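Coordinate inspection notes
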Amino acid sequence: MNTANPATSSELLAAVASRELAGMRMVFAGIGLPTLAVSLADLTVAPGLEIVYESGVCGAHPSHLPETIADAVLITGAEAVLPMASLFGYVLQGGRIDVAFLGAAQIDRYGNLNSSVIGPWERPAVRLPGSGGAVEVMANAGEVFVVMRRHDPRSFVAELDFCTSPGPDRARADGGRPRGRGVTRVITDLGILSRAGDGAGEELTLTAVHPGVTAERVRAATGWDLKVADALATTAPPTDQELRLLREDIDPDRVYLR
Amino acid sequence: MNTANPATSSELLAAVASRELAGMRMVFAGIGLPTLAVSLADLTVAPGLEIVYESGVCGAHPSHLPETIADAVLITGAEAVLPMASLFGYVLQGGRIDVAFLGAAQIDRYGNLNSSVIGPWERPAVRLPGSGGAVEVMANAGEVFVVMRRHDPRSFVAELDFCTSPGPDRARADGGRPRGRGVTRVITDLGILSRAGDGAGEELTLTAVHPGVTAERVRAATGWDLKVADALATTAPPTDQELRLLREDIDPDRVYLR
Amino acid sequence: MDKTTTMSEAIARYVADGATVALEGFTHLIPTAAGHEIIRQRRRGLTVVRMTPDIVTDQMIAADCVAKVVGAFVGNSSAGSLGELRRRVEAGTLELEECSHYGMICRYLAGAQRLPFYPLRSYAGSDLPRVNPGLRKVVSPYPGPDGGEPEQVYVVPPVHPDVTIIHAQRADRRGNVQIWGLTGIQAEAVYAARHAVAVVEEVVDDAVVRADPNRTAVPAHAIDAVVACPHGAHPSFAQGYYDRDNAFYRRWAGISKDPERLKAWLEEYVLGTRDHAEYVAKLAADGTWDRLAVGSAPSGSIDYGRRLRKEHP
Amino acid sequence: MDKTTTMSEAIARYVADGATVALEGFTHLIPTAAGHEIIRQRRRGLTVVRMTPDIVTDQMIAADCVAKVVGAFVGNSSAGSLGELRRRVEAGTLELEECSHYGMICRYLAGAQRLPFYPLRSYAGSDLPRVNPGLRKVVSPYPGPDGGEPEQVYVVPPVHPDVTIIHAQRADRRGNVQIWGLTGIQAEAVYAARHAVAVVEEVVDDAVVRADPNRTAVPAHAIDAVVACPHGAHPSFAQGYYDRDNAFYRRWAGISKDPERLKAWLEEYVLGTRDHAEYVAKLAADGTWDRLAVGSAPSGSIDYGRRLRKEHP
């Protein structure tokens, strides 16, 4: 660890997320921390990792850090640009995505996500952007990682105000046959919550805390009675190599490392 | 009429078919006589008529007379080439075709078509090519013209051996809601059979005979008790202009004017 | 047939009060200039169909053109909220039909293919079907993958806009539209619609289009009007023509948060300009187009081949 | 990852006895050379899936590779019959699953989209559902267009080939496949399959592909093997590379009508050649490639643009 210039919270999140991508081949990701995590994984634990963007871009080779999933720099020099019907139909629903990153305003203990409203849908206190492709990503990706910059009880709730993107338990109860395991990792500013995602009724469990964070602090920041793993780990902080790659190669202008 | 060099049967068929295209905008056509008819109509009664080929070509400007619906000369210089899923899904099933040309081995009095087998399907006496896109064309084009070079009882049958491409009556009896009117014109070497196609149970009726052909001869060549229109017309032979266009501009090598 | 016309005429002709109007373009090639002209012509009671209702939708809502929004992502990209849309939805004064990205895609696919429904593997377990009664289930007529119970899947109904408006890099006068970079869902949105207007950066000679027919995303037979309108996608971008105005997206969060500021912005930039050319000139003054200018990255040329002999090979 | 390999290795690896093999390419870019290698490797019991089973299918049937054909048009284009296919179907010794063009397209669409069924507006009133039990009906969950009875539509089941083989103009070593001219149903057939092999006229540098990403019909993530095989689509054509051998199509009617002549043709041209390069050399001797050579018709180049400034616009 670079003790002269220690890791910021964003750098920690990016490094931790990148390590979870070991062995993955196809990632469905948005822009921001996931971009950093995937770029770092490509240079470390998952060489050849390909990001697919819902805009249709496959095999991007951007000249600049992209600001949106449709940034012109993702297109110029890309290996392929698919129409959106093909991207969503053949690549995502077709079952070719190993892991996808999602965000949300609320998450519950099973990894169900709300990105639609705070309050009642019909007359919301806060109208949020909505699903976008999240409901599709949850149903069709092999597994889903969620990155939450702020771990607090307003986001980690016992009851979602609205379930935009259901995990596999809810999907099966409604007669669906989801392809994937739902949310298997939630990476926050406090630690990592995990689900294997291969059994019914399985809850997110605190499996690691970041250096200096206690399990009690994470439980207090969670709106349900959060389970803690017997073998609770402490996250290894970013290595010098990870920090160097993030700071010098991947995001030298600190666009997402803010 | 060019009395020095009278019209061949192919020229007559092409000219007659072309006149039926007056007022049409989008034609779905194969190669051969339909090509000639559409090209002639574009130069006479239906300027701006567009042929769509099931291969995906729209707005072709071929340098040579095409030999197949996928001929390279249809592609080079075309206005658009669509993937087949778009051509069949959006253009044909989407309901954008005014009229389509089909051929068949057998046709019945309602304009149902067989292009699959002679004899029982399970063990046919003759295995024919099958539907190709014909069943889709019949269901989705506004109307269908059939060109038959040989009007005989083996092709004009009381009972099809197999119904590959049903007209709207059969489709509705099976719960379908066909978009179009089915076969409205059958143009043969003897004359023209017509259906308005706007009522149930309507039969093909002999509405015109070519010069020198009698209604009795057409009825004898037809495998069912063919109705004859009260106002039976005699086909106007190709005009000098039609013959000149066909011979000099459209098919100077007589590829399809054989 | 020459289908070129002015924006003013195209909107007057194809966008009536109360119409269902699809405006498509996913981040790339958003038909902003068309939305502005709809505002100038003070259309009312529109249903706006758009996968990602964004700045131009927010502007149309603020200008009181919109009764209902059908969409999947009602945010200002990742740059914050759409202030006016949020205010009205939270106040209950704007109807929102909430869907998802692939749900919207499938609604266009069903529309384009004239299907009564389109199946997809979304929605099972979601609250979306509870608030959107258009999301329904169908039981497969085949045995399940294990030979057992047939699968159930959700389906969406077709959407058939009265008009779809898209923006593109170029078209010929007949309406063959060529797009590169992200092609999104434009072709499906056009084929689903009763009429379609293509707004383009440039109208080009027939020969340019016909040299590369695979580049044609929408053939002329599906287009009713072609409008030349350079920079008509701003603040979104046109690949190879100008970059996205990310600064404006960020500014919109602030502008749209304050109803008075939003009103002033509309007065100055939309209602206060006669047409998009004036809007473009106005933005030129503060260096917008210099800031968004892009360099060259040529695609290279491929060869379609030409038959050499007269006879068939 | 470099996925280039030889035809021999690609077929040995991805085409097993009894496999379901889709060979796609509608008139254009038919993967003939791959079919010939399947014959050379004496595969048995294959199910061949192809919209338009044609000459290469007839050859594979005659070489006893094929147990079943799934297709929509089993003719030799407009040049006559497929002799061997007809003989065997008429004799009851070859299973044929008969479909239609759009039915096949929808089966690939269902396969690519991992759907249990795909709806289409064909088949009502046809005898095809009587002989193909895969063609079934679904009732729409929405009211009919007039607000009345819900519509019934037919649906088709997905097809999931063990391998799809396509021919294309070019690919990079990773397997990004670029196609121009007729693009057919190749992308859907690839995405529907468990594995996919791209046979190409040329393997090109990454930079060539990346200069024009919209030209990529199939991205690398869907391709397992890339085989360089010039003239591998003969007697069909490769737009811009060589024309269709119409004379050979016409000759095939005669060759395939006579089982002895057909057998001799296979012995000489397929089993008697070590690989496609030998087949190509053999045909060069009688001037085939000169006869099919094409001139130039360049597409022209478009511009993808390049960001000039370091910071975000």
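Residues numbered from 1 in each chain as written. Chains lettered and ligands numbered in written order. Predicted model: local features only at pLDDT ≥ 70, side-chain atom pairs only at ≥ 80, totals over all residues. Heavy atoms only, no water.

So, about the overall build of chain C. A count of helices and strands for chain C gives 12 helices and 15 strands. Projected onto the principal axes, the alpha-carbon positions of chain C cover approximately 70 × 65 × 35 Å. Expressed as a percentage of the 313 residues in chain C, the buried residues total 67%. Here the analysis covers contacts within chain C between residues at least 6 apart in sequence; of these, 73% occur between residues at least 24 apart. In chain C, 36 positive and 38 negative side-chain charges are present, and the distance between their average locations comes to 2 Å. (Helix = DSSP H or I, 4+ residues; strand = E, 2+ residues; numbered from the N terminus. Buried < 20%, exposed > 50% of the residue type's maximum accessible area, 1.4 Å probe, protein only. Contact = heavy atoms within 4.5 Å. Lys, Arg positive; Asp, Glu negative; His and termini not counted. Charge placed at Lys NZ, Arg CZ, Asp CG, Glu CD.)

Before going further, it helps to examine the packing of helix α4 (residues 84-92) of chain A against helix α5 (residues 101-112) of chain C. The N-to-C vectors of α4 of chain A and α5 of chain C enclose an angle of 115°; their axes lie 10 Å apart at closest approach. With respect to α5 of chain C, the axis of α4 of chain A lies roughly perpendicular. Of the two elements, α4 of chain A crosses α5 of chain C, and the hand of that crossing is left-handed. From α4 of chain A, Met84, Ala85, Phe88 and Gly89 of chain A reach across to α5 of chain C, where they touch His101, Tyr102, Ile105 and Leu109 of chain C. (Axes fitted to C-alpha atoms, helices over the stretch in contact; angles between N-to-C directions. Parallel < 35°, antiparallel > 145°, perpendicular 65-115°, else oblique. Left-handed = near helix turned anticlockwise from the far one by under 90°.)

For the rest of this paragraph, the subject is the interface of chain C and chain D. Opposite the 62 residues of chain C that make contact, chain D presents 62 residues. Contact between chain C and chain D buries roughly 5,400 Å² in total, counting both sides, with carbon and sulfur atoms accounting for 52%. Counting across the interface, chain C meets chain D through four salt bridges. Measuring nitrogen to oxygen at the nearest pair gives 2.7 Å for the salt bridge that ties Asp243 of chain D to Arg307 of chain C. Of all the elements in the fold, those that place two or more residues in the side of chain C that touches chain D are β6 (118-120), β7 (136-139), β8 (152-156), α9 (246-257), α12 (288-292), β14 (294-295) and β15 (306-307) of chain C. With four residues, the top contributor of residues to the side of chain C that touches chain D is β7 of chain C. Residue classes in the side of chain C that touches chain D are distributed as 28 nonpolar, 16 polar and 18 charged. (Buried area = accessible area lost by both parts, 1.4 Å probe. Salt bridge = Lys/Arg side-chain N within 4 Å of Asp/Glu carboxyl O. Nonpolar A, V, L, I, M, F, W, Y, C, P; charged D, E, K, R; others polar.)

The next point concerns the relation of the copies chain C and chain D. The operation relating chain C to chain D is a screw motion whose rotation component is 180°, with 0.0 Å of axial translation and a residual RMSD of 0.0 Å. Overall, the copies show the geometry of a two-fold rotation axis. Using C-alpha coordinates, one finds that chain C approaches the rotation axis most closely at Ser301 of chain C, a distance of 2.4 Å. Most of the interface of chain C is mirrored in chain D, where 100% of its interface residues again form contacts. (Least-squares fit on C-alpha atoms with pLDDT ≥ 70 in both.)

We now examine the sheet that holds strand β6 (residues 118-120) of chain D. Residues and elements named next belong to chain D. Judged by pairing direction, the sheet is antiparallel, and its three strands sit side by side in the order β6-β8-β7 without closing on themselves. Two strands in the sheet have a free side with no partner beyond their single neighbour: β6 and β7 (136-139). Ignoring which end each strand starts from, the neighbouring axes of this sheet average 50° apart. As paired strands, β6 and strand β8 (residues 152-156) are joined by three bridges and run antiparallel to one another. (Pairing = 2+ DSSP bridges.)

Attention now moves to the pattern of salt bridges. The final tally for this structure, using the stated rule, is 79 salt bridges over all chains. Ionic pairing is found between Arg185 of chain B and Glu20 of chain B, a salt bridge with its closest N-O pair at 2.7 Å. One end of the pair, Arg185 of chain B, is in strand β11 (residues 183-188); the other, Glu20 of chain B, is in the loop between α1 (9-19) and β1 (26-28), and 165 residues separate them in sequence. A residue is classified by how much of its surface remains accessible, and Arg185 of chain B, at 23% relative accessible area, is partly exposed. With a closest N to O distance of 3.8 Å, Arg177 of chain B and Asp146 of chain D form a salt bridge. Note that Arg177 of chain B is positioned in the loop between α6 (168-173) and β11 and Asp146 of chain D in the loop between β7 and β8, a pairing that runs across two chains. A cluster of three or more residues bridged by salt bridges with shared partners is formed by Glu79 of chain A together with Arg174, Asp206 and Arg210 of chain D.

Turning our eyes to something else, we now look at the pairing of strand β2 (residues 20-24) of chain D. Residue and element names in this part refer to chain D. The element β2 is extensively covered by neighbouring structure, given that four of its five residues are classed as buried. With three bridges connecting them, β2 and strand β3 (residues 46-49) associate as parallel partners. For Ala22, the partnering residue across the bridge sits in β3 and is Val49. In this region the chain leaves β2, passes through helix α2 (residues 32-40) and returns to the parallel neighbour β3; the handedness of that crossover is right-handed. Relative to strand β9 (residues 163-171), β2 runs parallel, the two sharing four bridges. Bridge assignment links Glu24 to a residue of β9, and that residue is Ile166. (Right-handed = clockwise from strand over helix to strand, strands pointing away.)

This part takes up the state of the cysteines. Counted under the stated rule, the structure contains zero disulfides over all chains. The thiol of Cys229 of chain D is not disulfide-bonded; the next cysteine sulfur, from Cys65 of chain D, is found 17 Å away. (Disulfide = S-S within 2.5 Å.)

Residues lying three or four places apart along an α-helix face the same way, a consequence of the helix completing one turn every 3.6 residues. Burial analysis of helix α2 (residues 32-40) of chain C places nine of its nine residues in the buried class, the great majority of the element. Residues of α2 of chain C that are buried include every one of Thr32, Ala33, Ala34, Gly35, His36, Glu37, Ile38, Ile39 and Arg40 of chain C, and no others.

Further remarks concern the interface of chain D and chain B. Listed by partner, the interface residues are 55 residues for chain D and 48 residues for chain B. Around 4,000 Å² of area is buried between chain D and chain B when both sides are counted, 55% of it from carbon and sulfur atoms. Inspection of the region where chain D meets chain B yields six salt bridges. Close ionic contact of Arg170 of chain B with Asp127 of chain D constitutes a salt bridge, the shortest N to O distance being 3.2 Å. Taken together, the connections running from chain D to chain B amount to 30 residue pairs in polar contact (both at pLDDT 80 or more). Those elements that provide at least two residues to the side of chain D that touches chain B are α4 (83-91), β5 (95-98), α5 (101-112), α6 (128-131), β8 and α9 (246-257) of chain D. Element by element, the count of residues in the side of chain D that touches chain B is highest for α5 of chain D, at five residues. In terms of residue class, the side of chain D that touches chain B is built from 23 nonpolar, 18 polar and 14 charged. (Polar contact = N/O pair within 3.5 Å; in protein donor to acceptor, adjacent residues only side chain to side chain.)

Moving on, we get to the sheet that holds β7 of chain C. What links the strands of a sheet is backbone hydrogen bonding, and the strands pair in either a parallel or an antiparallel sense. Residue and element names in this part refer to chain C. Spatially, three strands are ordered β6-β8-β7 in an open sheet, and the strand pairing comes out antiparallel. The strands lining the two open edges of the sheet, one partner per strand, are β6 and β7. For this sheet the average axis-to-axis angle between neighbouring strands, irrespective of direction, equals 50°. Of the strands in this sheet, β6 and β8 touch α5, which is tilted by about 155° from β6.

Moving on: the packing of aromatic side chains. The tally for this structure, following the rule as stated, stands at 27 aromatic pairs over all chains. Aromatic side chains Phe88 of chain B and Tyr102 of chain D sit 5.9 Å apart centroid to centroid with 10° between the ring planes, which places their arrangement in the stacked category. Taken together, the residues Phe88 of chain B in helix α4 (residues 84-92) and Tyr102 of chain D in helix α5 connect one chain to another. The same class applies to Phe88 of chain B and to Tyr102 of chain D, which are both buried. Where Tyr118 of chain C meets Tyr118 of chain D, the ring centres are 5.4 Å apart and the plane angle is 90°; that geometry is what we call edge-to-face. Residue Tyr118 of chain C is located in strand β6, and its partner Tyr118 of chain D is located in strand β6; the two belong to separate chains. Grouping residues by exposure puts Tyr118 of chain C and Tyr118 of chain D together as buried. Linked through ring pairs, Phe248, Trp252, Trp265, Tyr269 and Tyr279 of chain C together constitute an aromatic cluster. In this arrangement the basic side chain of Arg244 of chain C is found over the ring face of Tyr249 of chain C, its NZ or CZ atom lying 3.6 Å from the centre. Over the ring of Tyr269 of chain D we find Lys282 of chain D, and its NZ or CZ is 5.1 Å from the ring centre. (Phe/Tyr/Trp six-rings, centres within 6.5 Å; stacked < 30°, edge-to-face > 60°. Lys NZ or Arg CZ within 6 Å of the ring centre and 35° of its normal.)

With that settled, consider the environment of Thr8 of chain A. All names here are of chain A. Residue position: Thr8 is located in the segment before α1 (9-19). The partly exposed category is assigned to Thr8, whose relative accessible area is 30%. Excluding its chain neighbours within four sequence positions, the residues that come into contact with Thr8 are Arg254 and Leu257.

Right, let's get into the confidence of the model for chain C. Residues of chain C with pLDDT of at least 70 account for 99%, and the chain-wide mean is 97. With pTM at 0.98, the complex prediction returns an ipTM value of 0.97. (pLDDT = per-residue confidence, 0-100.)

Before going further, it helps to spend a moment on the nonpolar core. Grouped together as the largest cluster of nonpolar side chains are 377 residues, with contacts concentrated most on Ile165 of chain C together with Ile165 of chain D. With near-sequence residues (within four places) excluded, Ile165 of chain C lies in contact with Ile11, Val15, Val21, Ala22, Leu23, Glu24, Pro31, Ala34, Ile38, Val197 and Val199 of chain C. Counting 10 residues, the second largest nonpolar core, distinct from the first, contains Phe117 and Val153 of chain C together with Phe117 and Tyr142 of chain D. (Core = buried A, V, L, I, M, F, W, Y, C linked by side-chain atoms within 4.5 Å.)

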